[in-house]
Amino acid sequence: MGSLTVASTDPTPGKNGYYVYTDSGTNTHGTIDAGDTLLVTYDNSVYTYTLIKRVNNVNIEYAKNNTGSTIGKGKLIYISGSTGENHLFLLATNTDYAIADRTWGMTYESINNNAVGRIIHFGMIENLDTSAYTAGTELWLGVNGEYTNVRPTSPAFQTSIGMVIRQSATVGSIFVN
């Protein structure tokens, strides 16, 4: 497949993670394009590269904000019910198993109360403040719709929500899975 150049740092021996491919090339499975995201796993001195995201390929659904206030971009939510054809959402939290287990995605945009907006389930969300995290940091469900880099301990529920792809105060990105 040619050399792997990633937007963050090259994979560290023994560390698995998501990396953004910044070059293009081919391998036996097809073409890898700049901007594609690869899951890199490391085992016994062998790297395995699995294409997990094509450029601009995200899984987005629509849901109605049922929280009573505007919810900003990048908040973790769960489905609390439905009205008509719309899912209703509330902020997810790791302090309640029944809620944490139903974490559905991350707000793709700021969504006003009682408005319908986009929720990302899988793929890259960009233009977030990820300045507190380095690229490759695994993120977990925290409390009140927030994410954290600290793996929760019991009795909090552990829900991995993705990984930081780009560290930045303004153009940071997270791969949501």
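Residues numbered from 1 in each chain as written. Predicted model: local features only at pLDDT ≥ 70, side-chain atom pairs only at ≥ 80, totals over all residues. Heavy atoms only, no water.

Colleague: Explain the overall build of the protein chain to me, and be specific about the residues and the numbers.
Modeller: Looking only at helices and strands, one finds one helix and 14 strands in the protein chain. The buried share of the protein chain, reckoned over its 177 residues, is 38%. Long-range pairs, those at least 24 residues apart, make up 53% of the contacts in the protein chain with a sequence separation of at least 6. Here the protein chain has roughly 9000 Å² of accessible surface; of this, 45% comes from carbon and sulfur atoms. (Helix = DSSP H or I, 4+ residues; strand = E, 2+ residues; numbered from the N terminus. Buried < 20%, exposed > 50% of the residue type's maximum accessible area, 1.4 Å probe, protein only. Contact = heavy atoms within 4.5 Å. Areas by Shrake-Rupley, 256 points an atom, 1.4 Å probe, with all protein chains shown as cover.)

Colleague: Tell me what's going on with the nonpolar core, and back it up with residues and numbers.
Modeller: Here is a general trend for soluble globular proteins: nonpolar side chains tend to be buried in one another's company. Formed by 17 residues in total, the largest nonpolar core has its most connected members in Leu76, Met106, Ile125, Leu139, Tyr147, Ile161 and Ile174. Breaking this core down by element, the ones donating at least two residues are β7 (76-83), α1 (97-100), β10 (116-128), β11 (138-141), β13 (160-166) and β14 (172-176). Residue contributions to this core peak at three residues, all from β10. Beyond its immediate sequence surroundings of up to four residues, Ile125 is in contact with Lys73, Met106, Thr107, Tyr108, Ile120, Gly172, Ser173, Ile174 and Val176. Counting seven residues, the second largest nonpolar core, distinct from the first, contains Ile77, Phe89, Ile111 and Ile119. (Core = buried A, V, L, I, M, F, W, Y, C linked by side-chain atoms within 4.5 Å.)

Colleague: Help me get a handle on unusual backbone geometry, residues and values and all.
Modeller: Of note, the amide linkage connecting Ser154 to Pro155 takes the cis form, showing an omega dihedral of 15°. As for its placement among the helices and strands, Pro155 is situated in the loop between β12 (147-148) and β13. In this model, Asn144 sits at a positive phi of 55°, which is unusual for a non-glycine residue. Note that Asn144 resides in the loop between β11 and β12.

Colleague: I'd like a description of the pairing of β13, backed by residues and values.
Modeller: The element β13 is largely enclosed, with a buried count of five among its seven residues. Relative to β13, β11 runs antiparallel, the two being bridged by three bridges. Among the inter-strand pairings, Trp140 is bridged to a residue of β13, identified as Ser160. For β13 and β14, the ladder comprises four bridges, and the chain directions are antiparallel. Residue pairing for β14: Arg166 is matched across the bridge by Ser173. Counting the residues that bridge the hairpin from β13 to β14 gives five residues. (Pairing = 2+ DSSP bridges.)

Colleague: Quick one: what's the story with the packing of aromatic side chains, residue by residue and with numbers?
Modeller: On inspection of all chains with the given rule, the structure shows three aromatic pairs. An angle of 85° between the planes, with centres 4.7 Å apart, marks the rings of Tyr97 and Phe157 as edge-to-face. With Tyr97 in helix α1 and Phe157 in the loop between β12 and β13, this pair connects stretches of sequence that are 60 residues apart. We classify Phe157 as partly exposed; its relative accessible area is 24%. The interplanar angle of 85° and the centroid separation of 5.0 Å between the aromatic rings of Phe122 and Phe175 together place this pair among those described as edge-to-face. Note that Phe122 is positioned in strand β10 and Phe175 in strand β14, a separation of 53 residues in sequence. (Phe/Tyr/Trp six-rings, centres within 6.5 Å; stacked < 30°, edge-to-face > 60°.)

Colleague: Any chance you could break down the confidence of the model for the protein chain for me, citing the residues and the numbers?
Modeller: Per-residue pLDDT for the protein chain averages 78, and the proportion of residues at 70 or more is 68%. For the protein chain, strand β2 (residues 25-27) is the element with the lowest average pLDDT, namely 46, and β12 is the one with the highest, namely 97. Below a pLDDT of 50 lies the segment residues 1-16, which in the model reaches 42 contacts outside its immediate sequence neighbourhood of four places, other chains included. Note on residues 21-30: pLDDT is under 50 here. Beyond four places in sequence and across chains, it has 31 contacts. (pLDDT = per-residue confidence, 0-100.)

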